[in-house]
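As a plain string of letters, each chain reads:
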Amino acid sequence: MIKSKQKKRHAPRVARLTSGLVRSSVRYSRRFFTSARHFGPAKSHFDGKKFLNQVPTMNWSAHVMKWLLNRKGDSWPKWLESEPAPNPSARVDGGEIVITFVNHSTVLIQTAGLNILTDPVWSNRVGPFPWLGAQRVRSPGLTIDQVPKLDLILISHDHYDHLDIPTVKTFLERDHPRIFCGLGVTRSLEIDGVKGAEALDWWDTVDVANGVSATFTPSRHFSGRGLYDQDSTLWGAFVVHTPSGPIYFGGDTGYGPHFREVREQFGPMAVALLPIGCYEPRWFMKTFHMSPFDAVEAHVDLEAHYSVGVHLGTFRLGDESIERPGLDLLQALSEKGLPHSSFVVPGFGERLVAPPRPLGLGLGKPAVARS
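A few points on the structure. This structure is a prediction, so every number in the text was calculated from the model and none was measured.

Structural notes on the packing of helix α7 (residues 292-301) against helix α8 (residues 324-336)
Consideration 1: At a closest axis distance of 8 Å, the pairing of α7 and α8 adopts a crossing angle of 50°. Taken together, the axes of α7 and α8 are oblique relative to one another. When the axes of α7 and α8 are compared, the crossing they make is right-handed. Between α7, through P292, F293, V296 and E297, and α8, the contact on the second element is made entirely by P325, D328, L329, Q331, A332, L333, E335 and K336.

Structure, rendered in structure tokens:
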């Protein structure tokens with residue numbers, strides 16, 4: 001009798017949970033099967049249906065199963081506990097460029113009285129469904145409440161670890177910032193109720209405010225959020241032109257000629273935010289994800305005064321260990337004869353001021369591993 005009563009008592013709760021899961025799965029399934037794409041005339045990097053890289057890149061979908069079935073990556077910790085970071089300044093005026101690394105490819109750029117956020121991701125898991133996708137191993141370096149009022153959000157491409165809709169919606173409702181993204185990505189945003197984003201083609205430049213503008217530039221990657229939309233939206237990087245010099249945000253990219261093109265077009269970068277994670281195995285990742293050795297080549301191509309390593313330490317996406325990007329970066333800098341202080345990996349929530357003073361590796365400093 002007791003078991004029977006317990007079953008009856010729990011039945012409504014189970015039914016509600018099941019119903020909620022079904023409704024949620026149906027809602028996300030519509031997005032997964034809905035293609036977001038750009039429509040327009042063919043050009044050098046668009047064949048009328050799909051976007052193309054400047055340099056041929058491995059077909060990700062044709063080889064991903066081979067990688068997943070043979071994956072032998074280093075283990076990651078289940079969780080890294082971050083120490084609370086101090087609140088950033090509400091605004092940074094004058095000639096300073098202040099960079100705060102939040103997590104993954106999320107960076108707060110403060111200069112010329114503007115607050116700019118790159119690829120904002122605060123969700124616990126990134127993927128097409130709430131229960132499917134990469135799960136974070138470390139909390140963001142700042143809480144959303146610590147982020148000052150935003151003026152601009154830059155979205156490099158539509159992959160889930162760079163375009164996190166719940167986070168974007170939170171900041172849009174709170175601050176009403178402008179949002180810049182690649183061609184076709186506005187459709188992904190509109191499907192989830194994010195309206196008003198501005199779509200840019202490679203080399204398009206848009207004025208922001210206070211003498212600051214932004215240019216969307218080429219990268220070497222791919223796009224897609226569902227089953228039928230691979231390469232149907234445009235990926236890229238950004239150059240933020242400021243009174244203190246240009247700031248480069250590389251998004252997600254393999255190594256290619258686009259770094260030298262940016263340098264030729266806009267001069268040496270004052271600061272470059274370059275991805276250095278998710279690069280193993282090289283046979284699979286090489287054409288669309290840089291290793292730290294590639295990133296140092298990009299740092300040299302850009303003639304960056306100061307570079308910051310991003311796209312690491314948050315989600316286990318590649319087969320390298322969580323410490324490996326920072327260690328490989330130090331080796332790459334040494335092999336090039338470059339000072340370690342010229343290209344750093346900050347801790348989560350760490351605040352960097354350009355021009356820089358010598359800084360260390362940083363990644364593991366503010367964290368304690370938890371098994």
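Focus: the pairing of strand β13 (residues 245-249)
Consideration 1: Counting buried residues in β13 gives five out of five residues, a clear majority hidden from the surface.
Consideration 2: A loop of two residues connects strand β12 (residues 237-242) with β13, the two strands running antiparallel in sequence.
Consideration 3: On the question of chirality, the crossover connecting β13 to the parallel strand β14 (residues 271-275) by way of helix α5 (residues 258-266) is right-handed.

Regarding the packing of aromatic side chains
How two aromatic rings sit relative to each other is set out by the distance from centre to centre and by the angle between their planes.
Consideration 1: What the rule picks out here adds up to 11 aromatic pairs.
Consideration 2: Summarising the aromatic geometry, the rings of W203 and F266 are spaced 6.1 Å apart at their centres and angled 40° between planes, so their arrangement reads as tilted. Note that W203 is positioned in the loop between β9 (198-200) and β10 (205-209) and F266 in helix α5, a separation of 63 residues in sequence.
Consideration 3: The class of W203 is partly exposed, set by a relative accessible area of 33%.
Consideration 4: For F266, a relative accessible area of 24% gives the class partly exposed.
Consideration 5: Taken together through their ring pairs, the aromatic side chains of F222, W283, F284 and F288 make up a single cluster.
Consideration 6: In this structure, R138 packs its charged tip against the face of F348, placed 4.1 Å from the ring centre.
Consideration 7: The ring centre of Y160 lies 4.0 Å from the NZ or CZ of R225, which sits over that ring.

Side note on the sheet that holds β13
Consideration 1: The strand order across the open sheet built from seven strands is β10-β11-β12-β13-β14-β15-β16, with neighbouring strands paired in mixed fashion. Bordering the open sheet on either side are β10 and β16 (343-344), each of which pairs with just one other strand.
Consideration 2: Bridge analysis of β12 against β13 gives five bridges, and the strand direction is antiparallel. Along β13, the bridge assignment pairs H241 with P246.

Details of helix α3 (residues 165-175)
Consideration 1: For α3, the full list of buried residues reads I165, T167, V168, F171, L172 and D175. Seen from one end, α3 has its buried residues packed into an arc of 160°, which puts them on one side.
Consideration 2: On its buried side, α3 packs onto β4 (114-118), β7 (152-154), β8 (178-182) and α4 (185-191).

Considerations on the environment of H241
Consideration 1: Relative to the assigned elements, H241 resides in strand β12.
Consideration 2: A relative accessible area of 18% means that H241 is categorised as buried.
Consideration 3: On a C-alpha basis, the gap between H241 and T215 in space is 7.9 Å, while along the polypeptide they are 26 residues apart.
Consideration 4: Aside from chain neighbours lying at most four places away, what touches H241 is G211, V212, S213, A214, T215, P246 and F266.
Consideration 5: Within the structure, H241 has its side chain in polar contact with the side chain of T215 (distance 2.8 Å).

Calculation criteria
- Residues numbered from 1 in each chain as written.
- Predicted model: local features only at pLDDT ≥ 70, side-chain atom pairs only at ≥ 80, totals over all residues.
- Heavy atoms only, no water.
- Axes fitted to C-alpha atoms, helices over the stretch in contact; angles between N-to-C directions.
- Helix = DSSP H or I, 4+ residues; strand = E, 2+ residues; numbered from the N terminus.
- Parallel < 35°, antiparallel > 145°, perpendicular 65-115°, else oblique.
- Left-handed = near helix turned anticlockwise from the far one by under 90°.
- Contact = heavy atoms within 4.5 Å.
- Buried < 20%, exposed > 50% of the residue type's maximum accessible area, 1.4 Å probe, protein only.
- Pairing = 2+ DSSP bridges.
- Right-handed = clockwise from strand over helix to strand, strands pointing away.
- Phe/Tyr/Trp six-rings, centres within 6.5 Å; stacked < 30°, edge-to-face > 60°.
- Lys NZ or Arg CZ within 6 Å of the ring centre and 35° of its normal.
- Arc of directions from axis to C-beta.
- Polar contact = N/O pair within 3.5 Å; in protein donor to acceptor, adjacent residues only side chain to side chain.

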